[in-house]
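Observations on chain architecture
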Amino acid sequence: MARARRRSGRNTVQKSPELGAADSPDTKPDGTAGSQDQPEDACPACKPGATADWAAADKESWVRCDACKTWFHWRCAGDGGDLDALDKWFCRPCLAADTTRVITMKPPARKSARKRTQRDYAGLHNLGAEADPGRWLRMLEGKAIKDHQFRLMKGSEVTSEWLENDQGAMGEPILIETPEGLGMKMPAKTLTVDDVAEVIGEDHPVEVIDVASQSNLPGWTLGKWAEYYDQEPSARDKIRNVISLEISGTDLADKVLPPRLVREMDWVEKFWPNTKKGRGNLYPKVQLYCLMGVAGAWTDWHIDFAGSSVYYHILYGEKVFYFIRPTPANLHAYERWSGTEMQNHSWLGDMCDEVFKVELTEGNTMIIPTGWIHAVYTPIDTLVFGGNFLHSYNVATQLKIREIEIATHVPKKFRFPFFVRLCWYAGEKYLRDLKAKEEFTQRVLESVEALADFLVSEARTMERGTEPAKKEAKEQVPGDRVKDAAALARELRWRVRLASGYTSDDEGRSQRSKSGSELAINGSANKRKRPASEVGGEGGLFRNFKRKSWERVVEKPAEQESRVVKAPRPGEKVDEVWTEWQEELDVAEGGDEVAVDRRRDVVIKVRRTAKGVERQRVERILEDWVWNSDSPAHSPPATTADTAVALDATVAPHDDGGGAAASTNGVGE
């Protein structure tokens, strides 16, 4: 098979089995010395001095004869054909020596008959509007864009205490004007793109984006990028962008340290084994990125992989961010828009509720929380350092974004690396902490519960999935820490539910319990279903545990009603007619007149959970039954009922000076 590659690899090829002694790699057809005596950079078909004015690409395109194994410049010997389409190729002397030899081509690739939306990812044939990188900014014209109201913080305020005590922490982007107090290290502002290329290596490959088509351009190196970047904006043939140069393991990485809070939250830092990180190891290298954008660059709407959060520091230059909140409706709109032809012609903001604008300048730092949809514009040449991180304060949204990536067929190359394996590491550590009776805030417990549900789904795939799915799921389990994945996942779910105030008797979500006297901290007691008599006491599961409060409580106006009916007085004991609550009490005729005062109170409570909204309606009805004083002397009954949750009644005799009182109380929160 003809091979198109650099000359340096030609001597590694073995003798073809179809060749005789005369056709060996060391002998040409005429009996003279073959390719092993050929000078390293010599082409037998070259004319002296003919290559002086050639482009570098022409000098690097070589082809080897499948008979004599001699290498030729394709420009000299190829007659202008398509080198990549060749299957077998022979030089002219070999063709003349054996007329049975025929140059053959590769068969065409099989094409599917299914219709697909095609985009020009190379950006080589864009016509009209799609060839213009400025079309993205023209989409902004006339759009409703609000100035942001995000919190502006000092570096010294961005701490774990803020994260633990502020329920809104990491719910919206935060801006830090200066890096002082962040516990962050960055290179000097004098660093240039040429310096980046020199430190990392000019031959280091880099993914470059063509702004007009928002597609990757192959074949770029840092040296080539530095030459492009150093040009005046007017001299650049196209607007290009670099947003994914990961620098972990390089000398430049020694000059960059993420903010202190980021390092404390980052799952890779907390859970991935230290012995499996660093040079020579495979681990999620997403913590240190160098972004190099030129004036006019635009990055279209996107969510960082797996909903990971981002820290973003402007070394020099400017950036303009456009944000959309990750509400369920907005995420649904993003899922419909992403990966379709709508991306080329539609402004995602028109499909969502609000768009916010944030401008960053030299020295600014921003932390973008989980799942925020954003687009970025670069007004001037800019150098940025940043990174991605997963954390334990919004796992449910992280998993939701991963589902969107799968649904929209995002290639695995552009997803968070080793995501499932990292989840297993995190789950294993949280299980050990729960066993050790470590205490966590309600936010963390809700996230760990979402993580446990995900790991249980992975365990079910291993147990009941298709064979390919089983194999893939098992390969993601880190055998150095997890010996029984299914048992770990289910025990983690059980323990975190107990820690959150739920019983755990089945595979589904259990009811939240109100008493914790029989449940030791983090579920160390026996797993059993408690009778109703044990539920309803005061106190929590933990000595220092504080249950999440209701975010909104609405009390409806009380409804009062008075009426006079005839009913017999109760006897010495209150019979079942009073304890079996009914809206209209079924009483016998011929009794004494009794005045009934009825009061109805309704309270509605609402709060957010990790997966949505929880709400509760509590209804309480109080009835006072008072017989006329001239009737036979008995205690008047007063009947109360709470129909919010249950109708298990308790009867309490009560002396109200005019008769007897009977009460019915429902068990509810």
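Per chain, residue numbering runs from 1 following the sequence as it is written. Selection of residues for local features in this predicted model requires a pLDDT of at least 70, selection of side-chain atom pairs for listing and counting requires 80 or more, and totals for whole chains, interfaces and linings are taken over all residues. Here the side-chain values reflect all heavy atoms present in the structure, with hydrogen atoms and water set aside.

1. Section: a negative patch on the surface
In this analysis, a patch consists of residues with relative accessible area above 30% that form no salt bridge, clustered at 9 Å for like charges and at 5 Å for the nonpolar side chains Val, Leu, Ile, Met, Phe, Trp and Tyr. Each accessible area is a Shrake-Rupley result for a 1.4 Å probe, and residues are judged covered by the shown protein chains and nothing else. The rule for a salt bridge is simple: a side-chain nitrogen of Lys or Arg has to be within 4 Å of a carboxyl oxygen of Asp or Glu. For the purpose of counting charges, residues Lys and Arg are taken to be positive, whereas Asp and Glu are taken to be negative. His and the chain ends are not included. Working definition for charges: the position is that of NZ of Lys, CZ of Arg, CG of Asp or CD of Glu. On the surface, Asp194, Glu198, Glu202, Asp203, Glu227 and Asp230 cluster together to form a negatively charged patch. Along the polypeptide, Asp194 turns up in helix α6 (residues 193-200). Only DSSP runs of H or I reaching four residues or more are called helices, and only runs of E reaching two or more are called strands; each is numbered from the N terminus.

2. Focus: the sheet that holds strand β6 (residues 146-147)
An order of β6-β16-β15-β18-β13 is seen for the five strands of this open sheet, with the pairing classed as mixed. Looking at strand neighbours, the two that pair on one side only are β6 and β13 (297-302), the edges of this open sheet. As defined by bridge partners, strand β15 (residues 319-324) adjoins strand β18 (residues 373-378) across five bridges and the pair is classed as antiparallel. When the bridges of β18 are listed, Val320 appears paired with Tyr377. Working rule for contacts: check all heavy atoms of both residues, and any pair within 4.5 Å makes them a contact. All axes are obtained by fitting lines to C-alpha atoms, using only the stretch in contact for helices, and the reported angles, taken between N-to-C directions, cover 0 to 180 degrees. In the packing of helix α10 (residues 328-337) onto the sheet, the strands contacted are β13, β15 and β18, and the crossing angle to β13 comes to about 115 degrees. Note: two strands are recorded as paired if DSSP finds a minimum of 2 bridges between them.

3. A few points about the pairing of strand β17 (residues 365-368)
Side chains Thr365 and Ile367 of β17 all project onto a buried face; the interleaved residues Met366 and Ile368 project onto the opposite face, where all are buried too. Bridging between strand β8 (residues 174-176) and β17 involves three bridges; their strand directions are antiparallel. Bridged to Leu175 within β17 is Met366. Here strand β14 (residues 309-316) runs beside β17; their pairing, made up of four bridges, is antiparallel. Bridge pairing in β17 places Val310 opposite Ile368. Accessibility here uses a 1.4 Å probe with only protein chains present; expressed as a share of the type maximum, an area under 20% marks a residue as buried, one over 50% as exposed, and anything in between as partly exposed.

4. Brief notes about the pattern of salt bridges
In this structure the tally under the stated criterion is 27 salt bridges. For Asp433, the salt bridge identified is with Lys429, shortest N-O distance 2.9 Å. Of this pair, Asp433 and Lys429 are both found in helix α13 (residues 419-435), four residues apart, which corresponds to roughly one turn of the helix. For Lys429, a relative accessible area of 24% corresponds to the partly exposed category. Here Glu463 makes a salt bridge to Arg464, at a shortest N to O gap of 3.9 Å.

5. Points about the packing of α13 against helix α14 (residues 442-464)
It is the contact of α13 with α14, at a shortest axis distance of 10 Å, that shows an interaxial angle of 120 degrees. Between α13 and α14, the interaxial angle falls into the category oblique. Judged by the twist between their axes, the crossing of α13 over α14 is left-handed. Counting all contacts with α13, which are made through Phe419, Val420, Cys423, Trp424, Ala426, Gly427 and Tyr430, the residues of α14 involved are Val444, Val448, Leu451, Phe454, Leu455, Glu458 and Met462. All residues other than Ala, Val, Leu, Ile, Met, Phe, Trp, Tyr, Cys, Pro, Asp, Glu, Lys and Arg, Gly among them, are scored as polar; the first ten of these are nonpolar and the last four charged. Looking at side-chain class alone, the contact of α13 with α14 contains twelve nonpolar, one polar and one charged residues. Oblique is the label for every angle not falling under 35 degrees (roughly parallel), over 145 degrees (roughly antiparallel), or within 65 to 115 degrees (roughly perpendicular). By definition, turning the near helix anticlockwise from the far helix through less than a right angle yields a left-handed crossing, and turning it clockwise yields a right-handed one.

6. Here's the deal with the sheet that holds strand β11 (residues 240-246)
Overall, mixed pairing links the nine strands, which are arranged β7-β8-β17-β14-β19-β12-β11-β9-β10 in an open sheet. The sheet is open, and its two edges are formed by β7 (151-153) and β10 (215-217), each paired on a single side. Strand after strand, the sheet turns through a mean of 25 degrees between neighbouring axes, direction not considered. Its contacts with the sheet put α6 on β11, β12 (289-293) and β14, and the angle it makes with β12 is roughly 140 degrees. In the packing of helix α7 (residues 222-229) onto the sheet, contacts are made with β9 (208-210), β11, β12, β14 and β19 (382-389), and the angle to β11 comes to roughly 140 degrees.

7. Notes on the packing of α13 against helix α16 (residues 485-500)
Two quantities define a packed helix pair, namely the angle between the helix axes and the distance between the axes. Between α13 and α16, whose axes approach to 9 Å, the crossing angle comes to 50 degrees. Between α13 and α16, the interaxial angle falls into the category oblique. Seen from above, α13 lies across α16 with left-handed handedness. Between α13, through Trp424, Gly427, Glu428, Tyr430, Leu431, Leu434 and Lys435, and α16, the contact on the second element is made entirely by Ala485, Leu488, Ala489, Glu491, Leu492, Arg495, Val496 and Ala499. Residues of the contact of α13 with α16, tallied by class, amount to ten nonpolar, one polar and four charged.

8. Brief notes about the environment of Leu431
When you line up the elements, Leu431 lands in helix α13. What Leu431 contacts, discounting residues up to four positions off in sequence, is Leu488, Glu491, Leu492 and Arg495.

9. Quick notes on the confidence of the model for the chain
Per-residue confidence from the predictor is reported as pLDDT, a score between 0 and 100. When pLDDT is averaged across the chain, the result is 79; 73% of the residues are at 70 or more. At the low end of the mean pLDDT range in the chain sits strand β26 (residues 660-661), at 35; at the high end sits β17, at 97. Throughout residues 513-539 the model reports pLDDT below 50, and contacts reaching past four residues in sequence, or to other chains, amount to 50 contacts. Low pLDDT (under 50) marks residues 631-669, which in the prediction has 100 contacts with non-local residues, meaning those over four places away or in another chain.

10. Looking at the packing of aromatic side chains
Side-chain rings of Phe, Tyr and Trp, where Trp is taken by its six-membered ring, are said to pair if the distance between their centres is within 6.5 Å; with planes under 30 degrees apart they count as stacked, over 60 as edge-to-face, and otherwise as tilted. One pass over the structure, following the stated rule, counts 24 aromatic pairs. Aromatic side chains Trp272 and Tyr425 sit 5.0 Å apart centroid to centroid with 65 degrees between the ring planes, which places their arrangement in the edge-to-face category. Of this pair, Trp272 sits in the loop between α9 (267-271) and β12 while Tyr425 sits in helix α13, placing them 153 residues apart in sequence. With a relative accessible area of 4%, Trp272 lands in the buried category. Through a chain of ring-to-ring contacts, the aromatic side chains of Phe150, Tyr312, Phe321, Phe323, Phe356 and Trp372 assemble into a single cluster. Throughout this description, the term charge over a ring refers to an Arg CZ or Lys NZ atom that lies within 6 Å of the ring centre and within 35 degrees of the ring normal. For Lys224, the ring lying beneath its charged end belongs to Trp220, and the centroid distance is 4.6 Å. Its guanidinium or amino end placed over the ring of Tyr229, Arg236 lies 5.8 Å from that ring's centre, counting from NZ or CZ.

11. Considerations on the nonpolar core
Counting residues in each nonpolar core, the largest one holds 104 residues, and the members touching the most others are Trp225, Leu245, Ile247, Met292, Phe385 and Trp424. Once residues lying within four places of it in the same chain are set aside, the contact partners of Trp424 are Leu455, Glu458, Met462, Gln476, Val477, Pro478, Val482, Ala485, Leu488 and Ala489. In this description, a nonpolar core means a group of buried Ala, Val, Leu, Ile, Met, Phe, Trp, Tyr and Cys residues linked to one another through side-chain atoms lying within 4.5 Å. Among the nonpolar cores identified, the runner-up in size contains 24 residues, and Ile303, Val320, Ala375 and Ile401 belong to it.

12. Considerations on helix α12 (residues 395-407)
Because each turn of an α-helix spans 3.6 residues, side chains separated by three or four positions end up pointing in the same direction. For α12, with 13 residues, the first-to-last C-alpha span of 18 Å sits near the 18 Å given by 1.5 Å per residue. Of all the residues in α12, the buried ones are Val395, Thr397, Gln398, Leu399, Ile401, Arg402, Ile404 and Glu405. Where α12 is buried, its residues touch α9, α10, α13 and α14. Positioned one or two residues after α12, His409 has a phi angle of 60 degrees, which is positive. Between the first and last residue of a helix there are one fewer steps than residues, each counted as 1.5 Å, and that sum is the expected span.

13. Here we look at unusual backbone geometry
A positive phi angle, close to 65 degrees, is found at Lys69, a residue other than glycine. If you trace the backbone, Lys69 turns up in the loop between β2 (62-64) and β3 (71-73). With a phi close to 60 degrees, His409 is a non-glycine residue in the positive phi region. In this structure, His409 sits in the loop between α12 and α13. Classification of His409 as exposed rests on a relative accessible area of 66%.

14. Quick word on α7
Extensive coverage of α7 is indicated by the burial of six of its eight residues. Taken together, the buried positions of α7 are occupied by Leu222, Gly223, Trp225, Ala226, Tyr228 and Tyr229. On its buried side, α7 packs onto α6, β9, β11, β12, β14 and β19.

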